[in-house]
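Analysis of the macromolecular model
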Amino acid sequence: MLDVQQITLAFLEARLQVHPDVVRYILEQGEPELIERIIAGVPDHAIVVSAQHIPGMTVTRDGTRFLTDPSVEVVSGSAGTSGPINGTGDYLHYFRDRYARLGGMIRSRCSTMPIEALTRSNRYRQEECTIIGMVTEVKTTTNGHRIAELEDTSANIPVLFRKDRPAFSDAERIIHDEVIGVKGKLSSDGKLFFAELLYRPDIRIDNTPFKSETPGKAVFISDVHVGSDTFLAESWSRFSNWLADSDYSYLLIAGDLVDGIGIYPGHENELTIKNIYEQYEAFGVMMRDLPSRMKIIISPGNHDVVRGAEPQPVLPDAFIRKFPENCVLVENPAMVNLQGVRVLMYHGRSIDDMIGLIPGASYDQSGQMMQEMLQRRHLAPAYGRRTPIAAGRVDRMIIDPLPEILHTGHVHIKGITTYRGVLGINAGTWQSQTKFQKQMNVNPTPALAVVVDLQTLIPETFSFA
Ligand SMILES: [Fe+2]
Ligand SMILES: [Fe+2]
């Protein structure tokens, strides 16, 4: 067992004095190796080692510092917030909420007018103006122009994006049900709007992400797929051992914890654990093997046992009996706050839809897909495709507030992007190529973990393959 004198001497040998708070912390932790790790992290010019040199320390409102375990605040998506799937009545509320909030973001940047006010009289014919609406339909004309039907709460109008105009490249990526603004002119007959510029509720160009004032590192993974015959158990155990030797405070897992059962025809032939309860038990045991000082934040994905419609609720109690206490269960999507750094976790099922709708998009560009979400300030813009959405009164898929980090999964291919200050991370998977992926020519990048230093927001990728 360590005592105060031993600790003080160990620091003196490194020519450092040590604050009593730090001594207390080391005694509480009871890990002699911690001293070396703290010394290694102390900047060269420091004389006294204080709380600020310890990972996991927090600063209170009045600026006093104290030592604590890593803490997680669930900003949105805590247990029980997803609500039931309602009848058709809520579609109206759902889309109104989407239009009002995303439209409001665009409106704050340019002055706009309702479509009805524009088309009602001759006054605005061929005058430049801006309208905002939800795209109810979009197609390419036989001449290669793009035409979108735009609807606001007052009326709707077809908007033409000519292929020889600057707005065309933005217009090529229009997805139905996204909210856009267009600047342009109404035709002389008042039946068509000619677009010159397209606005999205994009991130402001001067967006500056918050960085933690205190040390702390977070590890990002997804798509563990426990129970599958392609789950990489040896890679996982290398990862698990590596975490045990680390000083990382947080592990975030963005869905597809287990492989599930009956997800596709013939699925049972590719499972090593054929019982869903046992799959979660195995996953829980894996979590138990990780350091208990870490906070493990877990959200579900489309292979998990909860309903597929998003927002997906947290895993029910019956499946998490083996999970250790340091697990924090959240919904999909969910936003968590780690030392002031906000992370938006979303499994990423909508990437399937966006790849089908955005020209040139592919599965090996999940970074680009996260950028498309951020530009639209929406996690799943296209409604009624492969991503089932439970239409509540509020659109939970809207990206608001803006996070520092967007964490996705689902595609099983690593992608990292920084877009206007927001870091997008998709760490891949812990499953090697499945038969289905082979048929589809999908080449996963398994056994990777992305670590982010919360003080710099710089990501670093580690391989356990
Ligand atoms: Fe997956
Ligand atoms: Fe998935």
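Residues numbered from 1 in each chain as written. Chains lettered and ligands numbered in written order. Predicted model: local features only at pLDDT ≥ 70, side-chain atom pairs only at ≥ 80, totals over all residues.

1. Digging into the overall build of the protein chain
Looking only at helices and strands, the protein chain has 11 helices and 21 strands in total. In terms of overall dimensions, the protein chain is globule-like: its C-alpha atoms have a radius of gyration of 25 Å, near the 23 Å expected for 465 residues. In terms of its C-alpha atoms, the protein chain occupies a principal-axis envelope of roughly 90 × 55 × 40 Å. Counting every position in the protein chain, which comprises 465 residues, the buried fraction comes to 42%. In the protein chain, of all internal contacts separated by at least 6 residues, the share reaching a separation of at least 24 is 69%. (Helix = DSSP H or I, 4+ residues; strand = E, 2+ residues; numbered from the N terminus. Rg over C-alpha atoms; globule rule 2.2 N^0.38 Å. Buried ≥ 20, exposed ≤ 12 C-beta atoms within 10 Å, placed from the backbone. Contact = placed C-beta atoms within 7 Å.)

2. Things to note about unusual backbone geometry
Of note, the bond from glutamate 310 into proline 311 is cis; its omega dihedral lies within 30 degrees of zero at 0°. As for its position among the elements, proline 311 is in the loop between strand S13 (295-299) and strand S14 (327-329). Of note, the amide linkage connecting asparagine 332 to proline 333 takes the cis form, showing an omega dihedral of 5°. Secondary-structure assignment places proline 333 in the loop between S14 and strand S15 (334-338). Although it is not a glycine, histidine 412 adopts a positive phi angle of roughly 65°. Relative to the helices and strands, histidine 412 resides in the loop between strand S17 (405-408) and strand S18 (415-419). Even without being glycine, arginine 420 reaches a positive phi, approximately 45°. Mapped onto the elements of the fold, arginine 420 is located in the loop between S18 and strand S19 (422-426). Judged by C-beta crowding, with 16 C-beta atoms within 10 Å, arginine 420 ranks as partly exposed.

3. Focus: the sheet that holds S19
The mixed open sheet is built from six strands, whose spatial order is S5-S15-S16-S17-S19-S18. Because the sheet does not close on itself, it has two edges, and the strands there are strand S5 (72-76) and S18. Taking each pair of neighbouring strands and ignoring which way they run, the sheet shows an average axis angle of 20°. Sheet topology places S18 next to S19; five bridges connect them, and they run antiparallel. Among the inter-strand pairings, glycine 415 is bridged to a residue of S19, identified as asparagine 426. (Pairing = 2+ DSSP bridges. Axes fitted to C-alpha atoms, helices over the stretch in contact; angles between N-to-C directions.)

4. Re the sheet that holds strand S8 (residues 156-161)
An order of S6-S7-S8-S10-S9 is seen for the five strands of this closed barrel, with the pairing classed as mixed. When strand polarity is set aside, the average angle formed by the axes of neighbouring strands in this sheet is 55°. Pairing of strand S9 (residues 179-186) with strand S10 (residues 193-199) involves six bridges; the strand directions are antiparallel. Residue pairing across strands places glycine 184 opposite alanine 195, the latter belonging to S10.

5. A word on the pairing of strand S16 (residues 341-345)
Of all five residues making up S16, five are buried, and the element is well covered by its neighbours. Residues of S16 alternate between two faces, with Val341, Val343 and Met345 on one and Arg342 and Leu344 on the opposite face, all of them buried. Bridge count for S15 against S16 is five bridges, and the pairing is antiparallel. For alanine 334, the partnering residue across the bridge sits in S16 and is methionine 345. Linkage of S15 to S16, two consecutive antiparallel strands, is achieved through a turn of two residues, within which glutamine 339 is found at a positive phi near 55°. Summarising the sheet, S16 and S17 pair through three bridges and their orientation is parallel. Its bridge partner lying in S17, leucine 344 is registered against leucine 406.

6. Looking at the nonpolar core
Grouped together as the largest cluster of nonpolar side chains are 100 residues, with contacts concentrated most on Phe220 and Leu252. The leading source of residues in this core is strand S12 (residues 250-254), at five residues. Both domains that meet at this core, namely domain 2 (73-84 + 206-463) and domain 3 (91-199), each give it at least three residues. Apart from the residues lying within four places of it in its own chain, the contact partners of phenylalanine 220 are Leu252, His407, Ile425, Ala427, Ala449, Val450 and Val452. Val22, Ile26, Ile38 and Ala51 belong to the second largest nonpolar core, which has 11 residues in total. (Core = buried A, V, L, I, M, F, W, Y, C linked by C-beta atoms within 7 Å. Domains from an automatic or database assignment.)

7. What to know about the environment of phenylalanine 193
Along the chain, phenylalanine 193 turns up in strand S10. Residues phenylalanine 193 and phenylalanine 161, 32 residues apart in the sequence, show an inter-C-alpha distance of 8.9 Å. Every residue in contact with phenylalanine 193, bar those within four places of it in the chain, is listed here: Ile131, Ile157, Pro158, Val159, Leu160, Val182, Gly184 and Leu186.

8. Regarding the pairing of strand S7 (residues 146-151)
Only one face of S7 is covered, namely the face carrying Arg146, Ala148 and Leu150; the face carrying Ile147, Glu149 and Glu151 is uncovered. Note: strand S6 (residues 128-140) against S7, six bridges, orientation antiparallel. The residue bridging threonine 140 from the neighbouring strand is arginine 146, located in S7. As defined by bridge partners, S7 adjoins S8 across six bridges and the pair is classed as antiparallel. Each residue of the ladder has a partner; that of isoleucine 147, found in S8, is leucine 160. In this structure, the hairpin formed by S7 and S8 is closed by a connection of four residues.

9. Describing the confidence of the model for the protein chain
Caution applies to low-pLDDT regions: their predicted coordinates should not be interpreted in detail. Residues of the protein chain with pLDDT of at least 70 account for 96%, and the chain-wide mean is 91. For residues 58-68, every residue scores under 50 in pLDDT, and the model assigns this stretch 20 contacts once sequence neighbours within four places are set aside. (pLDDT = per-residue confidence, 0-100.)

10. Notes on the environment of arginine 377
In this structure, arginine 377 sits in the loop between helix H10 (366-376) and S17. Residue classification places arginine 377 among the buried positions, given that 22 C-beta atoms sit within 10 Å. Distance from arginine 377 to proline 401, taken between C-alpha atoms, is 9.4 Å for residues 24 residues apart in sequence.

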